[in-house]
Amino acid sequence: MAIVVIGAVFVDVKGFPEDNYIPTGRNAGRVEFVHGGVGRNVAEDIANVELRPRFVSLVDDNAEGEAVLKKLRNHKVNTDYVLSVPDGMGMWLAVFDNSGDLAGSISKRPDPSALVQLLEEKGDEIFADADSIVVEIDLDKEVVKQVFKYAEKYHKKVYAVVANMSIASQRRDFLQSTDCFVCNVLEAGILFVTDFSQLSPEELCEELSRRVISARIPAVVVTMGSKGSVYADMQGNKGVCPAETVQVRDTTGAGDAFCAGVAMGLTYGKTMPEALEIGTRLAASVITVSENVCPRFLPRELGLDVEVAD
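Presented here is an overview of the structure given in this document. Note that the structure is a prediction, hence the values are computed from the model and not measured. (Residues numbered from 1 in each chain as written. Predicted model: local features only at pLDDT ≥ 70, side-chain atom pairs only at ≥ 80, totals over all residues. Heavy atoms only, no water.)

So, the overall build of the protein chain
Defined as follows: Secondary structure elements are taken from DSSP: a helix is a run of H or I of four residues or more, a strand is a run of E of two residues or more, and numbering for both begins at the N terminus. Both definitions apply: the radius of gyration is a C-alpha atom measure, and the globule rule equals 2.2 Å times residues to the power 0.38. Between buried and exposed lies partly exposed: a residue is buried under 20% and exposed over 50% of the maximum accessible area for its type, with that area taken using a 1.4 Å probe on protein chains only. Contacts: residue pairs with any heavy atoms within 4.5 Å of one another. Reported accessibility uses the Shrake-Rupley method at a 1.4 Å probe radius. Residues are deemed covered only where the shown protein chains occlude them.
Within the protein chain one finds 10 helices and 13 strands. The C-alpha radius of gyration computed for the protein chain amounts to 18 Å, which stays within 12% of the reference 19 Å derived for 310 residues, consistent with globular compactness. A principal-axis box enclosing the C-alpha atoms of the protein chain has dimensions of 55 × 50 × 40 Å. Considering the protein chain as a whole, with its 310 residues, one finds that 55% of them fall into the buried category. Taking all contacts inside the protein chain whose residues are at least 6 apart in sequence as the whole, residues at least 24 apart take part in 67%. As presented, the protein chain carries roughly 13,700 Å² of accessible surface, and 49% of it is formed by carbon and sulfur atoms.

Next comes the structure, spelled out in structure tokens:
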């Protein structure tokens, strides 16, 4: 039994300025190469809570791809369903300002074709005993179709995350089949074609509730950075969860850790407010370091009554 995570692997190239960041100038600083990708980050976050997720993805058939697999295995992520293929990984080039916030980025997406075939051939053994499913909703459409086919067949809950909201916003039919969709406030604005950036958490909570009900999306969680997060579902339930105050070094991966926490909480019996608290704690642990994932926790530290797997 395990949470199954389906998503992409990226190599993140991140630049940090030594002095005040000048958008149109040359900035001295440091450059770091970090394994990333929303799905990969979520899988490692779950593994760092001593659970044993099953990761379904692609990596390059070269030394860098093998390095990604080695790190995931060291963190005890099940990589039996990660294929090594040409152009299997993407790349994300990002520059951060002095506050650790993203100043600009460019990404190259991987070729997903081998993933479609993998799910067609081995979908039953991947999903039959899953505890739940976490999927990047903006993956290749045929991949997402396969995931929901098996989720329906085996009655598994699906928690959706997003890397490219412009793609995800066109997939309301898929979002209506999820159990919960997690995104940030800018992504929520793209989804609902509205600028939410100036709203307070309480105002966004009320606005989100109306829109979730009208769009018939079962549940949506929206992160708001230092303002915390909000949630709303089709039954009219809604609420606000405050953020934790920490020293920010790098915000990359905080949203992925938050999603991992929400998915773990909802998978293992927590209420939505409790799940958001878990996500908030994991996100806070990520933004204090330059890594893309959370440090090690035991499940019970996060209030999860789950036995640690061997």
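Read on for the rest.
Observations regarding the packing of helix 3 (residues 113-127) against helix 4 (residues 141-154)
We count it as follows: Helix axes are fitted only over the stretch in contact, all axes being lines through C-alpha atoms; the angle between N-to-C directions runs from 0 to 180 degrees. An angle counts as roughly parallel when it lies under 35 degrees, as roughly antiparallel when it exceeds 145, as roughly perpendicular when it falls between 65 and 115, and as oblique in every other case. By definition, turning the near helix anticlockwise from the far helix through less than a right angle yields a left-handed crossing, and turning it clockwise yields a right-handed one.
As a packed pair, helix 3 and helix 4 sit with axes 10 Å apart at the nearest point and diverge in direction by 15°. With respect to helix 4, the element helix 3 is oriented roughly parallel. Viewed along their axes, helix 3 and helix 4 form a crossing whose handedness is right-handed. Facing helix 3, whose interface residues are Leu-115, Val-116, Leu-119, Glu-120, Gly-123, Asp-124 and Phe-127, helix 4 presents Glu-142, Val-143, Gln-146, Val-147, Tyr-150, Lys-153 and Tyr-154.

Focus on the pattern of salt bridges
Our working rule: The rule for a salt bridge is simple: a side-chain nitrogen of Lys or Arg has to be within 4 Å of a carboxyl oxygen of Asp or Glu.
Summed over all chains, the structure comprises 14 salt bridges. Between Lys-108 and Asp-87 there is a salt bridge, and its shortest N-O distance comes to 2.9 Å. In this pair, Lys-108 is assigned in strand 7 (residues 102-108) and Asp-87 in the loop between strand 5 (78-85) and strand 6 (90-96), connecting sequence segments 21 residues apart. Classification of Lys-108 by relative accessible area gives partly exposed; the value is 41%. Overlapping salt bridges bring together Arg-40, Glu-44 and Lys-71 as one network.

Considerations on the sheet that holds strand 2 (residues 10-17)
Heads up, the rule is: Here, strands pair whenever DSSP counts at least two bridges between them.
Judged by pairing direction, the sheet is mixed, and its 4 strands sit side by side in the order 3-2-6-7 without closing on themselves. Of all the strands in the sheet, just strand 3 (29-36) and strand 7 have a single pairing partner and so form its edges. On average, each strand axis in the sheet is tilted by 15° relative to the strand beside it, whichever way the strands run. Pairing of strand 6 with strand 7, which is carried by 6 bridges, proceeds in the antiparallel orientation. From the neighbouring strand, Met-91 faces strand 7, where its bridge partner is Lys-108.

Observations concerning the pairing of strand 8 (residues 130-136)
With respect to burial, strand 8 is a largely interior element, 6 of its 7 residues being buried. As paired strands, strand 1 (residues 2-6) and strand 8 are joined by 5 bridges and run parallel to one another. Across the sheet, residue Ile-3 finds its bridge partner in strand 8, namely Ser-132. Bridge count between strand 8 and strand 9 (residues 158-161): 4 bridges; the pairing is parallel. Following the sheet pairing, Ile-133 is matched in strand 9 by Val-158.

With respect to the side chain of Ser-57
Residue position: Ser-57 is located in strand 4 (residues 54-60). Residue classification places Ser-57 among the buried positions, given a relative accessible area of 1%. Each residue touching Ser-57, except ones within four places of it in the same chain, is listed here: Gly-7, Ala-8, Val-9, Tyr-81, Val-82, Leu-83 and Leu-115.

A word on the environment of Leu-266
Looking at the element boundaries, Leu-266 is found in helix 9 (residues 254-267). In the structure, Leu-266 is positioned 107 residues away from Tyr-159 in sequence and 9.1 Å away in space, judged by C-alpha atoms. Each residue touching Leu-266, except ones within four places of it in the same chain, is listed here: Tyr-159, Cys-180, Thr-271, Met-272 and Ala-275.

Concerning the sheet that holds strand 13 (residues 238-241)
An order of 5-4-1-8-9-10-11-12-13 is seen for the 9 strands of this open sheet, with the pairing classed as mixed. A strand with exactly one partner marks an edge of an open sheet, and here the two such strands are strand 5 and strand 13. For this sheet, the mean inter-axis angle between neighbouring strands, taken without regard to orientation, is 20°. Against the sheet, helix 8 (residues 201-215) contacts strand 11 (219-223), strand 12 (229-233) and strand 13, and its axis sits at roughly 25° relative to strand 12.

Re the nonpolar core
Operational definition: We call a set of buried residues a nonpolar core when its members are Ala, Val, Leu, Ile, Met, Phe, Trp, Tyr or Cys and they connect through side-chain atoms within 4.5 Å of each other.
Of all hydrophobic cores here, the largest spans 54 residues; its most connected members are Ile-6, Val-56, Phe-127, Ile-137, Phe-181 and Val-222. With sequence-adjacent residues up to four places away left out, Phe-127 is seen in contact with Val-4, Ile-6, Leu-119, Ile-133, Val-147, Tyr-150, Tyr-154 and Lys-156. Of all hydrophobic cores here, the second largest spans 50 residues; its members include Val-42, Phe-55, Cys-180 and Val-182.

That is the geometry; function is a separate question.
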